[in-house]
Each structure stands twice: as C-alpha cells, then as structure tokens.
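Structural characterization, general
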Amino acid sequence: MKSMIEQLIRGELCHPDEAIIRNEAVRKASETILKALEDWRRRHSHSDWVELEALLELYGKRHAIEQGLSFRTGFRAGAGLMVEVLTGNGAIADQISSTRDELQA
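Description of the structure in this document. Since this is a predicted model, take the numbers as computed values, not measurements.

1. Let's talk about the layout of surface pockets
Empty pockets left among the atoms are what a rolling probe the size of a water molecule brings to light. Of the pockets and cavities examined, the largest pocket occupies roughly 150 Å³. Lining the largest pocket are Met4, Leu13, Cys14, Pro16, Phe71 and Phe75. Grouping the amino acids of the lining of the largest pocket by side-chain chemistry returns 6 nonpolar, no polar and no charged.

Rendered as structure tokens:
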C-alpha cells in the first residue's frame, strides 16, 4: 500500500467532492431533485423559473462555502487530535485545530 504522501504526490488522493459524487445515496437524491425541478419548471412560468434558478444559485454558493468550512474544521480537528496523541502536547494541538481564519468567498 502506498503512503499518503506518495498518493498525494501522484495525485491519487480522492478530493472530498469526488467521494460525495460517487456516493449512491447522494446520486439518487440528486436524480430525485432534478426530476422535481423539471416537474416544477413545467408547471410554472418562465419568469418564475428564472427567479428559482437565481435562488438555487445563491443556495449553491452558500452550500459550497459551508462544505469548505466544514471540511477545514474537521481536518484541523483531526490534525490537532493526531498531534496531541503523538506528542502529548495539547497546546500545539489546540493551535493547529483552531478555526481562527475564515474561508474566503
């Protein structure tokens, strides 16, 4: 088995978004949402559809920001936990796992 560093260098580590897309439950939910949106579009006017698309675009942007923040927070917490376990130094772990900076939009 290759080390994580080797996988990283070779570009073989899976990006979190790729793992989400491959998830069967996510894929099925996405199909259901697309069908519901298509049904909604057929039942409403073009101007209603344009408004809904704009709203969904804003929601998508917010969701992407939330995912980034969630990943960063979880990653830092995991890194801090590993540092504390391996070194016994909780102060360094706290510094690593803090979420002092915000993901820029």
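2. Re a nonpolar patch on the surface
Taken together, the side chains of Leu81, Met82, Val85 and Leu86 define a hydrophobic patch exposed on the protein surface, amounting to about 440 Å² of accessible area. Tracing the chain through its elements places Met82 in helix H4 (residues 46–87). Since its relative accessible area comes to 44%, Met82 is described here as partly exposed.

3. A word on the pattern of salt bridges
Here the idea is simple: oppositely charged side chains can pair when their charged atoms come close. The full count for this structure, using the stated rule, is 8 salt bridges. Note that Lys35 is salt-bridged to Asp39, the shortest N-O span being 3.1 Å. Note that Lys35 and Asp39 are positioned in helix H3 (residues 24–43) at a spacing of 4 residues, about one turn of the helix. Under the relative-accessibility criterion, Lys35 is labelled exposed at 55%. For Asp39, a relative accessible area of 23% gives the class partly exposed.

Rules used throughout
Residues numbered from 1 in each chain as written. Predicted model: local features only at pLDDT ≥ 70, side-chain atom pairs only at ≥ 80, totals over all residues. Heavy atoms only, no water. 1 Å grid on protein atoms, 1.4 Å probe; cavity = no way out; pocket = protein on both sides within 12 Å on 5 of 7 lines; lining within 4 Å. Points joined across faces, edges and corners; volume = space filled by probe spheres on them. Nonpolar A, V, L, I, M, F, W, Y, C, P; charged D, E, K, R; others polar. Patch = residues over 30% accessible without salt bridge, like charges linked within 9 Å, V, L, I, M, F, W, Y side chains within 5 Å. Areas by Shrake-Rupley, 256 points an atom, 1.4 Å probe, with all protein chains shown as cover. Salt bridge = Lys/Arg side-chain N within 4 Å of Asp/Glu carboxyl O. Helix = DSSP H or I, 4+ residues; strand = E, 2+ residues; numbered from the N terminus. Buried < 20%, exposed > 50% of the residue type's maximum accessible area, 1.4 Å probe, protein only.

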